[in-house]
Amino acid sequence: QVQLVESGGGLVQPGGSLKLSCAASGITFRISTMGWYRQAPGKQRELVAKATSGGGTNYADSVKGRFTISRDIAKNMVYLQMNSLKPEDTALYYCNAFTAAFTNYWGQGTQVTVSS
């Protein structure tokens, strides 16, 4: 059974930090890319950041310089360090794994709320 389990979301004040974690299990094929997406109420899901197995990373323009993605390939884990959080970062954050078999897997999401 494939599982992507996110943790680390919560309520934080503007300017604060959070670190999201995601653990993938039960995936048979090699995971080529792991990443984070987010969806705010009334908006489409959007890419936040992703990291390839080769070490490449890609960030949304809105989070560059504030968020950092990292992977532990051996443990099938991905992390998202979020600094200088803004109210517009408020969203449900989803972990994603894309495999060498061109299959996408998603977590259930973890809520991040930035508010004073």
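Refer to the structure presented above.
Residues numbered from 1 in each chain as written. Predicted model: local features only at pLDDT ≥ 70, side-chain atom pairs only at ≥ 80, totals over all residues. Heavy atoms only, no water.

**Some details on the state of the cysteines**
So the rule is basically this: Count a disulfide wherever a pair of cysteine sulfur atoms falls within 2.5 Å. Every helix listed is a DSSP run of H or I at least four residues long, and every strand listed is a run of E at least two residues long, numbered separately from the N terminus. Relative accessibility decides the category of a residue: with a 1.4 Å probe and only protein chains considered, values under 20% of the type maximum give buried, values over 50% give exposed, and everything between is partly exposed.
In total, this model carries one disulfide according to the counting rule given. The disulfide partner of Cys22 is Cys95, and the S-S distance across this bridge is 2.0 Å. Negative torsions about the S-S bond denote left-handed disulfides, and the value of about -85 degrees found for Cys22 with Cys95 makes this one left-handed. Taken together, the residues Cys22 in strand β3 (residues 18-25) and Cys95 in strand β9 (residues 91-99) connect sequence positions 73 residues apart. Side by side, Cys22 and Cys95 carry an identical accessibility label, which is buried.

**Description of the pairing of strand β11 (residues 110-114)**
Condition: A pair of strands is labelled paired if DSSP reports no fewer than 2 bridges between them.
The alternating pattern of β11 places Thr110, Val112 and Val114 on a buried face and Gln111 and Thr113 on a face that is not buried. Where strand β2 (residues 10-12) lies against β11, three bridges are found, and the strand directions are parallel. When the bridges of β11 are listed, Val12 appears paired with Val114. Bridge count between β9 and β11: three bridges; the pairing is antiparallel. Across the sheet, Ala91 pairs through a bridge with Val112, a residue of β11.

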